[in-house]
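# A structural walkthrough
Here are the chains, one letter per residue:
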Amino acid sequence: MSDAEYTFLVFRGDANGGEEREYKVPAVPGMVVLDAIHWIQAHIAGDLAVRWNCKAAKCGSCSAEINGIPKLMCKTRLDDFQGEDVHVAPMHTFPIIKDLVTDVSWNYTVNKRIAPFTPREDEPSPFIMYQKDVDRLYEPRKCIECFLCQDVCHVLRNHGEMSEYFGPRFMVRYQYLAMHPKDSLDRREAIKDKGGVGLCNITKCCQEVCPEHIHITDNAIIPLKERVADEFFDPVRWFIRRRGDARNAKPKEDLEGSGVEPQPQRPRPLESPGGKDIAAS
Amino acid sequence: MIESYETHEHDVLIIGAGGAGLRAAIAASEAGASVGVVCKSLLGKAHTVMAEGGMAASLGNVDPADSWKMHFGDTMRGGQMINNWRMVELFAKEAPDRVFELERWGALFDRTDDGRIMQRAFGAHSYRRLAHVGDRTGLELIRTLQDKGVHSDIDVYMECTLTRLILDGERVCGAFGYWREDGRFVLFRARAIIVATGGWGRMYKVTSNSWEGTGDGIAMAYEAGAELRDTEMVQFHPTGMVWPPGVRGLLVTEGVRGEGGILKNSKDERFMLRYDPKKKDLSSRDVVARAIYREVQEGRGSEHGGAYLDISHKPADFVRHKLPSMYEQFIKLADIDITKEPMEVAPTVHYAMGGIQVEAETGASTVPGLFAAGEAAAGLHGANRLGGNSLTDLVVFGRRTGEAAAAYADRLHTHLAIDEHQIQCEKELLLRPFESGGRENAYLLHQELQDVMSTHVGIAREESDMQEGLQKVLDLQERARDIDVQGSRMFNPGWHTARDDLFMLTLAEAVVRAAILRKESRGAHFRIDYPDKDEHLGRVNFIACKTDSGMEIKPQPIPPMPSELAQVIEETNS
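Numbers given to residues run from 1 along each chain, matching the order in which its sequence is written. In the order they appear in the text, chains get letters beginning with A and ligands get numbers beginning with 1. With the structure being a predicted model, the display of local features is reserved for residues of pLDDT at least 70 and the display and counting of side-chain atom pairs for 80 or more, all residues being used for whole-chain, interface and lining totals. The basis for every side-chain value is the complete set of heavy atoms in the structure, and neither hydrogens nor water enter the calculation.

## Regarding the domain arrangement of chain B
Residue and element names in this part refer to chain B. For clarity, the cut-off: Here the bounds of each domain stem from an automatic or database domain assignment. In this analysis, two residues are considered to be in contact whenever any of their non-hydrogen atoms come within 4.5 Å of each other. By definition, the buried area sums, over both parts, the 1.4 Å-probe accessible area that each loses when the two are put together. Put simply, a salt bridge is a Lys or Arg side-chain nitrogen that is within 4 Å of an Asp or Glu carboxyl oxygen. Nitrogen and oxygen atoms within 3.5 Å of one another constitute a polar contact, given that in protein one can donate a hydrogen and the other can accept it, and given that sequence-neighbouring residues count only through two side-chain atoms. Residue type decides the class: Asp, Glu, Lys and Arg count as charged, Ala, Val, Leu, Ile, Met, Phe, Trp, Tyr, Cys and Pro as nonpolar, and the leftover types, Gly among them, as polar.
Each assigned domain of chain B is listed here: domain 1 (1-55 + 141-233 + 353-543) and domain 2 (238-348). Between the C-alpha centres of domain 1 and domain 2 the distance comes to 31 Å. Listed per partner, the contact involves 14 residues of domain 1 and 18 residues of domain 2. Sorting the residues of domain 1 by area buried against domain 2 places E52, V206 and I459 first, and these three jointly supply 41% of that buried surface. Seen at the junction of domain 1 and domain 2, the total is zero salt bridges. Counting every contact that joins domain 1 to domain 2 gives five residue pairs in polar contact (both at pLDDT 80 or more). Taken together, the residues of the side of domain 1 that touches domain 2 sort by class into six nonpolar, six polar and two charged.

Written out as structure tokens, the structure is:
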């Protein structure tokens, strides 16, 4: 492959539109898509916008859609595309900023709405807990927040229901909190009302694209749906709840903001729409 | 035309949202200060996320004989005794509490059979000391601090780059820069500023550092008059990936050796038995890195110029469980199944022991109002950092610095005035690449600097070679004035790189100049022409500071250790 080159078609544009542009990139053994993007920046298009940090699949910054599939650019080998053109586009679900960079700030507002890990105040520290618990908690904790699952989730992607559903990433966050033996909050109502777990209809697209191989649907969303169903749709429990039986009841996660959250907005409106060259002005 | 800028104001401004920045933010906020955190990337993406092996603290859960004294002794000896001993003392004593605190904030750690935090062996630690969760401890630390931080009263400004500290007289009073998204200028006014921007590994070609490691905060502090220290001490982690070329330098955690991995050369010899018969593969990083370097130099290197690191003698399930991300990294990026075949590894630039000189208790720099914590600060690690000591550094000194900065801001009753002239100068510097009509490409100039540093100030150093390197760095500094960038200020990485280049060029000069002056071999600093330690130089740190005639490097005597600490060194020396 050393004398070969790849043909890249990279989306260039911003909120006002854009188009794919073609770049020829020399092939190097073992190279990944992000290497090619860096080569294009250094040699052809210095202003090609891309997010990346670690280039080691640990930070989850370089998410994009490569030949239509949400992937990390740093982990996508070009050997997989022998003889094919490589199309690189920004994540579709989030508003575009420029080229391959999208506005993912909505995810950060969601995270803020989830009550943090809350041990009982009288829980002795350091904790005593066991490796079998850690082994179960390990999976949701692997999440690197690349937001590829949010990108592919059709509730968010096709229906834009950001105000109703927190999305797969945050079901994974809830999975961690709900399964942690030292977390003291009852999060079921929050998962149902605020998180909107009921909106997922289990197409499993999210777990297919997860670069950390988290079984998002199987191990986070379905168990959370079951917990919610047990609590709210099981007639016996419903009756107990009606009686207000508070024995052994955990405090509930705050439901504040469980109503309609505004649609994701650009955090700060651009002063120079369309990439007008404010440097030159 | 005068372009306006937006202004934000806080008591304490923290630059950087890695482990140190976030821990400082939590501490300053708890102390009642209004806190702003500015980060170049999205929250949770900082270089801390890449830390793998664990965080060192003498919990004694696995080896009950461990103690703060042992941790102190190991760290001082690892740093070849030029550490700030007071920092090491505070660090070793406070480390366990910081680990327990993280656990209480939701961090997950692997457990012992009796339900306590598990600890693993690591290079040059006398006991099994690293609290860890698989090989993703950095991710765990940053996610925990991130979740704690967003529920504290802290304003986070993401994807914002600060490029200049603003002074009122000698006192720091703000920081100026731009939003990455659209290039608009922004000023943060603050009574106290904490630099927590990490290190400068990106000035080297083969490095485990993420793109952010361009030394911004350290260079800004230098420009503002702060003293830098130990800049010659650049850590080469012995085990970076070697092949394929695109992943060269990517970290292979020391945890591989901690869990039983063995280094071999092309003759299938376990060469560490020759270099350090006692600690073997788990010797300190400087020793192992030089051993691999030497094996390669003497013709016993691996296929692509490194060494073999083998853990395939351990059960496959054990390897996948203890080193999941290493397994994934090699299978995905190098087509190597580490449960079946050896990895190929070579030294990679990993960590800057040097940085901003700080006061041990508070993290205060020599500039009033300016503090530093984490990799940006210097002193804790001396001439060589032990693995696992960095994550602990972040939380121990992050907390201390956050509290001290909040207290300083609270005590300061002076009105701080913003000097528009300084802002104007920085605007001009930032905009120059659009107007220079120059011929230099920011990316390629960066690559040239990386070549220069790797060639002339690498793992093995020599006088005339470094003098040549220094001249090249100075030439690059000149050429950087002619950087030209394409496009607009909207999310323009070429433009961002242009300013990053200036930070790295400043610090590269500090690295070479101090390396030339330290005419001995100590820790990470290895001189071919001075292969031994020099007793006299073992009693000084080199300080870099800005003067009217340029950069000055001067020796600073290390204050004598109090007798009780000297005794600890004595006691723990086995």
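## Observations concerning the sheet that holds strand β4 (residues 119-120) of chain B
Residue and element names in this part refer to chain B. The line we're drawing: Strands qualify as paired when DSSP identifies two bridges or more between them. A run of H or I in DSSP counts as a helix once it spans at least four residues, and a run of E counts as a strand once it spans at least two, with each numbered from the N terminus.
Taken in spatial order, the three strands line up as β3-β5-β4 in an open sheet, and their pairing is antiparallel. Only two strands of the sheet have a single neighbouring strand rather than two, namely β3 (55-56) and β4. In terms of strand pairing, β4 meets strand β5 (residues 130-131) through two bridges, oriented antiparallel. For R120, the partnering residue across the bridge sits in β5 and is L130.

## Some remarks on the domain arrangement of chain A
All names here are of chain A. Domain boundaries in chain A define domain 1 (5-101) and domain 2 (105-247). Its C-alpha centre places domain 1 at a distance of 31 Å from the equivalent point of domain 2. Contacts between domain 1 and domain 2 engage 15 residues on the former and 17 residues on the latter. When domain 1 packs against domain 2, close to 1,200 Å² is buried across both sides, 59% of that on carbon and sulfur atoms. When the buried area of domain 1 at its contact with domain 2 is split by residue, P70, T93 and F94 rank highest and sum to 44% of it. The tally of links from domain 1 across to domain 2 stands at one salt bridge. Across the domain 1-domain 2 interface, the total number found is five residue pairs in polar contact (both at pLDDT 80 or more).

## Looking at the packing of aromatic side chains
Rule in force here: Note on ring pairs: Phe, Tyr and Trp rings are taken, using the six-membered ring of Trp, and paired if centres are within 6.5 Å. Classes follow the plane angle, with under 30 degrees stacked, over 60 edge-to-face and the rest tilted. Note on classification: 1.4 Å probe, protein chains only; a residue is buried when its accessible area is under 20% of the maximum for its type, exposed when over 50%, partly exposed between these limits.
As enumerated under the stated definition, the model contains 13 aromatic pairs over all chains in all. Here the aromatic rings of F166 of chain A and Y174 of chain A are separated by 6.4 Å at their centres, their planes lie at 5 degrees, and the arrangement is stacked. Taken individually, F166 of chain A and Y174 of chain A each receive the classification buried, so the pair is uniform in this respect. Three or more aromatic residues joined by ring pairs make a cluster, and in this case those are Y5, F176 and F185 of chain B.

## Notes on the nonpolar core
In plain terms, the rule: Residues grouped as a nonpolar core are buried Ala, Val, Leu, Ile, Met, Phe, Trp, Tyr and Cys residues, joined through side-chain atoms within 4.5 Å.
Within the largest apolar cluster, 262 residues are counted, with the highest numbers of intra-cluster contacts made by F8 and M73 of chain A together with V12, M203 and M453 of chain B. Top element by residues in this core is helix α15 (residues 493-517) of chain B. It accounts for 14 residues. Within the second largest apolar cluster, seven residues are counted, among which are M233, M353, A524 and I558 of chain B.

## Structural notes on the side chain of E212 of chain A
Looking at the secondary structure, you find E212 of chain A in the loop between α8 (205-209) and α9 (216-233). The exposure class of E212 of chain A is buried, given its relative accessible area of 8%. In this structure the side chain of E212 of chain A is engaged in a polar contact, spanning 2.9 Å, whose partner is the side chain of R136 of chain B. Dropping the residues within four chain positions of it, E212 of chain A is found in contact with A57, K142 and I144 of chain A together with R136 of chain B.

## Quick look at the interface of chain B and chain A
In this complex, chain B contributes 73 residues to the contact, which on the side of chain A involves 78 residues. Summed over both sides, the interface of chain B with chain A buries roughly 6,400 Å², with 53% coming from carbon and sulfur. Where chain B packs against chain A, one counts eight salt bridges. With a shortest N-O distance of 2.9 Å, R77 of chain A and D335 of chain B are connected by a salt bridge. Applying the counting rule to chain B against chain A returns 45 residue pairs in polar contact (both at pLDDT 80 or more). Elements that contribute at least two residues to the side of chain B that touches chain A include exactly α3 (85-104), α4 (137-150), α10 (324-333), α12 (420-435), α13 (442-456) and α15 of chain B. Tallied by class, the residues present in the side of chain B that touches chain A amount to 29 nonpolar, 19 polar and 25 charged.

## What about the confidence of the model for chain B?
The criterion, for reference: Per residue, pLDDT captures the predictor's confidence, and it can take any value from 0 to 100.
Confidence along chain B averages 96 in pLDDT terms, with 100% of residues attaining 70 or more. Interface scoring of the predicted complex returns ipTM 0.95; its pTM is 0.95.

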